[in-house]
Amino acid sequence: MIEVTTEITIHASIERCFDYARDIDVHTQTVWQHTRERAVAGVTTGRIGAGDTVTFQATHFGVRQKLKSRIVQFERPFLFVDQMEKGAFKSMRHEHHFSVIGDQMTCMRDTLRFEAPLGLLGWATERLVLKRYMQAFLEDRNRKLKDMLEQ
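For clarity, every value in this text was computed on a predicted model and none was experimentally measured. (Residues numbered from 1 in each chain as written. Predicted model: local features only at pLDDT ≥ 70, side-chain atom pairs only at ≥ 80, totals over all residues. Heavy atoms only, no water.)

Draft legend 1. Inspection of the pattern of salt bridges at higher detail. If you walk through the whole model with that rule in mind, you get 14 salt bridges. For Glu-85, the salt bridge goes to Lys-68, with nearest N and O atoms at 3.6 Å. Taken together, the residues Glu-85 in strand β5 (residues 79-86) and Lys-68 in strand β4 (residues 63-75) connect sequence positions 17 residues apart. A relative accessible area of 39% means that Glu-85 is categorised as partly exposed. Overall, the relative accessible area of 29% leaves Lys-68 in the partly exposed class. Taken together, the shared-partner salt bridges in this structure form one network comprising Glu-3, Arg-93, Glu-95 and Arg-113. (Salt bridge = Lys/Arg side-chain N within 4 Å of Asp/Glu carboxyl O. Helix = DSSP H or I, 4+ residues; strand = E, 2+ residues; numbered from the N terminus. Buried < 20%, exposed > 50% of the residue type's maximum accessible area, 1.4 Å probe, protein only.)

Here is the structure:
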């Protein structure tokens, strides 16, 4: 299993950061454009909450795929966790942590744990390709989210 962690400081209240991070419309605006990611089932617009599911359709590595996740933990405004129920990975869990670090300043930390299918081939792909790809994906999305929140 691979773990990717990102951390970013945002000049906005913890409540705004939390709500933007769980907003499906904001999500689709802040991911890489070439993936053409969009919500196609479950909560497809607005904010996702405890127990809700969302299915995203996107193109990664030239392959169109779907990933269904459920919010399995929800503690506003400090934490929400989405876990893959169906998709290309053997398993995936994404923890979104928020903490106050000053007046109108929030630390947003993402911890993504995933495991690829296909045994030894998946193990090698995780380490050679997917870890860097997912790190870059999250860092880029978080920078865009920060820019949106700080406007």
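Back to the write-up after that little detour.
Draft legend 2. Representation of the environment of Leu-112. Among the structural elements, Leu-112 can be located in strand β7 (residues 105-115). Along the backbone, Leu-112 and Gly-51 are 61 residues apart, and their C-alpha atoms lie at a distance of 19 Å. What Leu-112 contacts, discounting residues up to four positions off in sequence, is Ile-2, Glu-3, Val-4, Met-92, Arg-93, His-94, Met-134 and Leu-138. (Contact = heavy atoms within 4.5 Å.)

Draft legend 3. Highlighting the nonpolar core. Within the largest apolar cluster, 20 residues are counted, with the highest numbers of intra-cluster contacts made by Ile-10, Ile-24, Phe-98 and Met-108. At four residues, the largest contribution of residues to this core is made by helix α1 (residues 14-21). Residues within four places of Ile-10 in sequence aside, it is in contact with Cys-17, Gln-104, Met-105, Thr-106, Met-108, Lys-146, Leu-149 and Glu-150. In this structure, Val-31, Met-92, Leu-112 and Met-134 belong to the second largest nonpolar core, which totals 16 residues. (Core = buried A, V, L, I, M, F, W, Y, C linked by side-chain atoms within 4.5 Å.)

Draft legend 4. Region of interest: the packing of α1 against helix α3 (residues 119-150). Close contact between α1 and α3 brings their axes to 11 Å; oriented N to C, the two are set at 130 degrees. Considering the angle they form, α1 stands oblique to α3. The interaxial crossing formed by α1 with α3 has right-handed handedness. Residues Arg-16, Cys-17, Tyr-20 and Ala-21 of α1 touch α3, and the partners they reach there are Arg-141, Leu-145, Met-148 and Leu-149. Of the residues belonging to the contact of α1 with α3, the class tally is six nonpolar, no polar and two charged. (Axes fitted to C-alpha atoms, helices over the stretch in contact; angles between N-to-C directions. Parallel < 35°, antiparallel > 145°, perpendicular 65-115°, else oblique. Left-handed = near helix turned anticlockwise from the far one by under 90°. Nonpolar A, V, L, I, M, F, W, Y, C, P; charged D, E, K, R; others polar.)

Draft legend 5. Layout of a nonpolar patch on the surface. There is a patch of nonpolar side chains on the surface, built from Phe-61, Leu-128 and Val-129 and spanning about 300 Å² of accessible area. By the element assignment, Phe-61 lies in the loop between β3 (53-60) and β4. (Patch = residues over 30% accessible without salt bridge, like charges linked within 9 Å, V, L, I, M, F, W, Y side chains within 5 Å. Areas by Shrake-Rupley, 256 points an atom, 1.4 Å probe, with all protein chains shown as cover.)

Draft legend 6. Expanded view of the sheet that holds strand β6 (residues 91-102). Spatially, β1-β7-β6-β5-β4-β3-β2 is the arrangement adopted by the seven strands of the open sheet, whose pairing is antiparallel. Every interior strand has two partners, whereas the edge strands, β1 (2-10) and β2 (38-42), have only one. Strand-to-strand twist of the sheet, defined as the mean angle between neighbouring strand axes without regard to direction, takes the value 25 degrees. α1 rests against β1, β4, β5, β6 and β7 of the sheet, and its axis sits at about 160 degrees to β6. (Pairing = 2+ DSSP bridges.)

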